[in-house]
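# Architecture at a glance
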Amino acid sequence: MITIIFAPPRTGKTCFLTHMANMTAFDRQRNRAMQAEIMNKMANGFNRLKTIPLHCVSANYDITLRKFGYRPRLNRRINPYRLGFANPFVDTHFTLPYECICITEAQKYLNSRMAMYFPDWQSRFYEQHGHDNLDIWFDTQRPMLIDVNIRELSQFIEIVKLDKWYDNFGRVCRLRWHIRRIDNSGLFDKYMASGKTDKSCYTEDTVTADYNVFACYDSQSCKPKFYDGHMDEDFDYQQAEPTGETLDDYVRYLQEFDDELPDNFYVKRKAA
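All values derive from a computational prediction rather than experimental measurement.

Basis of the calculations
- Residues numbered from 1 in each chain as written.
- Predicted model: local features only at pLDDT ≥ 70, side-chain atom pairs only at ≥ 80, totals over all residues.
- Heavy atoms only, no water.
- Helix = DSSP H or I, 4+ residues; strand = E, 2+ residues; numbered from the N terminus.
- Buried < 20%, exposed > 50% of the residue type's maximum accessible area, 1.4 Å probe, protein only.
- Contact = heavy atoms within 4.5 Å.
- Areas by Shrake-Rupley, 256 points an atom, 1.4 Å probe, with all protein chains shown as cover.
- Disulfide = S-S within 2.5 Å.
- Pairing = 2+ DSSP bridges.
- Phe/Tyr/Trp six-rings, centres within 6.5 Å; stacked < 30°, edge-to-face > 60°.
- Lys NZ or Arg CZ within 6 Å of the ring centre and 35° of its normal.
- Core = buried A, V, L, I, M, F, W, Y, C linked by side-chain atoms within 4.5 Å.
- Salt bridge = Lys/Arg side-chain N within 4 Å of Asp/Glu carboxyl O.

## Describing the overall build of the protein
Of regular secondary structure, the protein possesses 7 helices and 10 strands. Looking at the protein as a whole, 37% of its 272 residues qualify as buried. Restricting the contact set of the protein to residue pairs at least 6 apart, pairs at least 24 apart contribute 65%. Split by element, the accessible area of the protein, about 17,300 Å² in all, is 51% carbon and sulfur.

In structure tokens, the structure reads:
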């Protein structure tokens, strides 16, 4: 399945995504199925396969996967721009059978506003992901930011509320998500059109984690992006050179500065 997790900022989307990854990483039956299929490929002509992964979880951010009684495991790190079938334009990842792929901030990679540029070799990968027993999870603030081709293949989970419990040292020890499950894009469209009031479109559920999921990943991993490229600069209010000495002149300068469209803002970037 393809599942889109959505909710407003700071309501536990990536935390929920990480919990799903953590559960899958220790799914013995799934991991054994993945390993058996890889061994079968090695016996039938895949001569460059040298290792058999311990688990089948991949993500575009770093996760330390944990379970009591087991050593911590690390996810396979992927670039979502490189998911897809082999093609002449972009080197793509060789995906595992039964792989669980977790992508945070998915709107960056599947931007609905760039639909005309969505490559066929990646679109077909998502359309046919079930043939390799893949599960793909996205999180985003708004599913409408995700390419429509992907939305039409997806089910949805809306996080309504996140409860936290703390131990005597003030550390998170338990989490519970209140969620709404929406089975397909048709129901999702109907749900959104109703202003999220149509109860026939979803089922309510709770998901509980009896451990600190926040300890498994860096919830502020994107923070450096706010500072990248500004190492030799000062903050705007100190850089400003207003034309006059009054406060009104200063505010007017900042307004003009803020309204200026940066060069190359709408130039299509190459996949990283």
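## Description of the environment of isoleucine 101
Residue position: isoleucine 101 is located in strand S6 (residues 100–103). Using a relative accessible area of 0% as the deciding quantity, one classes isoleucine 101 as buried. For isoleucine 101, the residues in contact, after removing those within four places along its chain, are Ser58, Ile78, Leu83, Phe125, Asp135, Ile136 and Trp137.

## Description of the state of the cysteines
Inspection of the entire model under this criterion finds 0 disulfides. Not engaged in a disulfide, the cysteine cysteine 102 finds its nearest cysteine sulfur in cysteine 100; these two sulfurs lie 3.9 Å apart.

## What to know about the sheet that holds strand S8 (residues 154–166)
Taken in spatial order, the 8 strands make up an open sheet running S5-S2-S6-S7-S1-S8-S9-S10, and their pairing is mixed. The open sheet has two edge strands with one neighbour each: strand S5 (76–77) and strand S10 (203–209). Pairing analysis gives 5 bridges linking strand S1 (residues 2–6) to S8, with the strands arranged parallel. Opposite phenylalanine 6, over in S8, you have glutamate 158 as the bridge partner.

## Focus: the packing of aromatic side chains
The final tally for this structure, using the stated rule, is 11 aromatic pairs. Centre to centre, the rings of phenylalanine 6 and phenylalanine 188 are 5.7 Å apart; their planes meet at 85°, and the pair counts as edge-to-face. Of this pair, phenylalanine 6 sits in strand S1 while phenylalanine 188 sits in helix H5 (residues 185–193), and the two are 182 residues apart along the sequence. Just as phenylalanine 6 is buried, phenylalanine 188 falls in that class too. Their ring planes at 75° and their centres at 5.4 Å tell us that phenylalanine 125 and tyrosine 126 sit as a pair that is edge-to-face. Residues phenylalanine 125 and tyrosine 126 agree in their burial class; the two are buried. Clustering of aromatic rings is evident, with ring pairs tying together Phe85, Phe125, Tyr126 and Phe138. The residue whose ring lies beneath arginine 174 is tryptophan 165, and the NZ or CZ to ring-centre distance is 4.7 Å.

## Here we look at the nonpolar core
Phe16, Trp137 and Trp177 are the most contacted members of the largest nonpolar core, which totals 29 residues. At the level of secondary structure, the elements contributing two or more residues to this core comprise helix H1 (13–25), strand S2 (57–59), S6, S8, strand S9 (172–182) and S10. The element contributing the most residues to this core is H1, with 6 residues. Excluding its chain neighbours within four sequence positions, the residues that come into contact with tryptophan 137 are Thr3, Ile5, Phe16, Leu17, Met20, Cys100, Ile101, Cys102, Ile103 and Ile157.

## Points about unusual backbone geometry
At tyrosine 98, a position not held by glycine, the phi torsion is positive, near 65°. Its place among the elements puts tyrosine 98 in the loop between S5 and S6. Positive phi, normally seen in glycine, also occurs at glutamate 105, with a value near 55°. Locating glutamate 105 in the fold gives a position in the loop between S6 and helix H3 (120–127).

## Concerning the environment of cysteine 56
Secondary-structure assignment places cysteine 56 in the loop between helix H2 (28–42) and S2. Between the alpha carbons of cysteine 56 and alanine 25 there is a distance of 6.3 Å; along the sequence they are 31 residues apart.

## Thoughts on the pattern of salt bridges
Under the counting rule described, the total for this entry stands at 13 salt bridges. The partner of arginine 76 in a salt bridge is glutamate 99, with the nearest N and O atoms 2.9 Å apart. Here glutamate 99 lies in the loop between S5 and S6 and arginine 76 lies in strand S5, a separation of 23 residues in the sequence. Looking at arginine 76, the relative accessible area reads 27%, which means it is partly exposed. The exposure class of glutamate 99 is buried, given its relative accessible area of 1%. One salt bridge connects arginine 171 with aspartate 167, and the closest N-O pair in it is separated by 3.0 Å. For arginine 171, a relative accessible area of 48% puts it in the partly exposed group. Residue class for aspartate 167 comes out partly exposed when judged on its relative accessible area of 26%. Residues joined by salt bridges that share partners form a network here, namely Lys161, Asp163 and Arg176.

Note that all results are geometric; they support no functional claim without further evidence.
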